[in-house]
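In case you want the letters, here they are:
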Amino acid sequence: MTSIDLNADLGEGFGRWTLTDDERLLSVVTSANVACGFHAGDAPTMRRVCELAAARGVRIGAQVSYRDLAGFGRRAMDVPPAELTAEVAYQIGALEVFARAAGTRVAYVKPHGALYNRVVRDEEQARAVLDGVLLADPTLPVLGLPGSRLLELAAKAGLPAVEEAFADRAYTDEGTLVARGQEGALVTDPEAVLRRSVDLARSGEVVTLSGRRIEMKARSLCLHGDTPGAVDLARQVRDALEAAGVRVEAFA
């Protein structure tokens with residue numbers, strides 16, 4: 001039977017401000033990308049999400065980012081490789097404390113926002129991120145875009161390189177994500193998201209913004225938690241996958 005993991009970005013609050021409905025999303029997804037304080041999140045939020053995830057058997061992933069709270073980690077930044085390596089390891093280590101306190105552990109690493117897109121093509125930044133993962137835990141799987149430099153380097157280093165796809169983001173003909181500022185970058189029609197989710201899981205293909213059908217084989221499907229109606233849409237996606245004979249299970 002075909003299987004796929006469902007992941008979502010969680011813990012993206014700070015202080016009294018909250019963005020994602022962590023508790024309800026954790027009843028749907030199988031993996032949680034937890035913000036580690038650099039683009040969002042703080043110590044109490046990280047601890048709470050780890051406790052909720054552990055109680056539900058959801059795998060915990062460190063969502064590492066550039067240090068950019070004001071820009072939610074979505075602004076382009078030039079960080080020296082040594083500094084980025086240290087900051088990636090720092091974020092993983094911080095989350096690991098709370099994961100272990102909850103009776104589990106950090107199971108994988110996924111870059112966020114501008115860093116996620118940067119390491120698709122930038123080998124220097126990709127290597128810096130990978131070095132940070134190796135420094136924190138040389139066994140951790142790395143989640144990223146198919147064909148990215150990050151996953152290529154992770155595989156060469158002997159780490160599990162896990163490919164993911166996005167049901168609610170548009171793709172270019174080259175298989176990269178359409179920039180958020182471009183028209184059509186977000187797929188907002190629920191029916192389209194459901195169709196794309198099942199298509200990605202069963203055929204490993206996606207239709208690009210230009211209408212071209214390209215290969216997009218992935219072991220994990222990302223559902224954004226910061227979009228309107230995110231919880232209901234996530235539930236519909238899971239229901240649609242299971243109705244299509246796709247087993248929903250964590251990759252880690």
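What you see is a predicted model, and the numbers here were worked out from it, not measured in a lab.

Taking 1.5 Å per residue as the helical rise, helix H3 (residues 81-101) with its 21 residues ought to reach 30 Å, and the 31 Å between its terminal C-alpha atoms agrees with that figure. Within H3, burial applies to Leu 84, Thr 85, Glu 87, Val 88, Ala 89, Gln 91, Ile 92, Leu 95, Glu 96, Phe 98 and Ala 99. Following H3 by one or two positions, Gly 103 adopts a phi angle in the positive range, close to 90°.

What follows is about the layout of surface pockets. Its boundaries defined by the atoms lining it, the largest pocket holds a volume of some 340 Å³. Lining the largest pocket are 23 residues, with Gly 113, Ala 114, Asn 117, Arg 169 and Arg 180 sitting closest to its centre. When residues of the lining of the largest pocket are traced back to their parent elements, those giving at least two are strand S4 (106-111) and helix H4 (113-121). Looking at the lining of the largest pocket element by element, the count peaks at five residues for H4. Partitioned by chemical class, the residues of the lining of the largest pocket number 11 nonpolar, five polar and seven charged. By volume, the second largest pocket amounts to about 190 Å³. Forming the boundary of the second largest pocket are 13 residues, of which Val 187, Thr 188, Thr 227, Pro 228 and Leu 233 lie nearest the centre. Grouping the amino acids of the lining of the second largest pocket by side-chain chemistry returns five nonpolar, four polar and four charged.

A few words now on helix H6 (residues 149-156). Inspection of H6 places Arg 149, Leu 150, Leu 151, Leu 153 and Ala 154 among the buried residues, and these make up the whole buried set. Check the buried side of H6 and you find it contacts S4, H4, helix H5 (123-136), strand S5 (142-144) and strand S6 (161-166). Where H6 terminates, the next one or two residues include Gly 158, which has phi positive at roughly 90°.

Now for the pattern of salt bridges. Using the criterion set out here, one finds 23 salt bridges in the structure. In this structure, Asp 137 engages Arg 105 in a salt bridge whose closest nitrogen and oxygen atoms are separated by 3.1 Å. Residue Asp 137 is found in the loop between H5 and S5, and its partner Arg 105 is found in the loop between H3 and S4; the two are separated by 32 residues along the sequence. The class for Arg 105 is partly exposed, based on a relative accessible area of 34%. Each of the salt bridges in this network shares a partner with another, and the network as a whole consists of Glu 123, Arg 127, Arg 149, Glu 152 and Lys 156.

This part is about the environment of Leu 159. Looking at where Leu 159 falls in the secondary structure, it is placed in the loop between H6 and S6. Judged by its relative accessible area of 4%, Leu 159 is buried. In this structure, the C-alpha to C-alpha distance between Leu 159 and Thr 139, residues 20 residues apart in sequence, is 6.1 Å. Excluding its chain neighbours within four sequence positions, the residues that come into contact with Leu 159 are Leu 130, Val 133, Leu 134, Pro 138, Thr 139, Leu 140, Val 142 and Ala 154.

This next bit is on the side chain of Asp 168. Residue position: Asp 168 is located in the loop between S6 and helix H7 (190-203). At 6.1 Å, Arg 169 is the nearest oppositely charged side chain to Asp 168, a buried residue that forms no salt bridge. At a separation of 3.1 Å, a polar atom in the side chain of Asp 168 contacts the side chain of His 224. Excluding residues within four positions of it along the chain, Asp 168 makes contact with Ala 185, Leu 186, Val 187, Val 193, Cys 222, Leu 223 and His 224.

What counts, and at which threshold
Residues numbered from 1 in each chain as written. Predicted model: local features only at pLDDT ≥ 70, side-chain atom pairs only at ≥ 80, totals over all residues. Heavy atoms only, no water. Helix = DSSP H or I, 4+ residues; strand = E, 2+ residues; numbered from the N terminus. Expected span 1.5 Å × (residues − 1). Buried < 20%, exposed > 50% of the residue type's maximum accessible area, 1.4 Å probe, protein only. 1 Å grid on protein atoms, 1.4 Å probe; cavity = no way out; pocket = protein on both sides within 12 Å on 5 of 7 lines; lining within 4 Å. Points joined across faces, edges and corners; volume = space filled by probe spheres on them. Nonpolar A, V, L, I, M, F, W, Y, C, P; charged D, E, K, R; others polar. Contact = heavy atoms within 4.5 Å. Salt bridge = Lys/Arg side-chain N within 4 Å of Asp/Glu carboxyl O. Lys, Arg positive; Asp, Glu negative; His and termini not counted. Polar contact = N/O pair within 3.5 Å; in protein donor to acceptor, adjacent residues only side chain to side chain.

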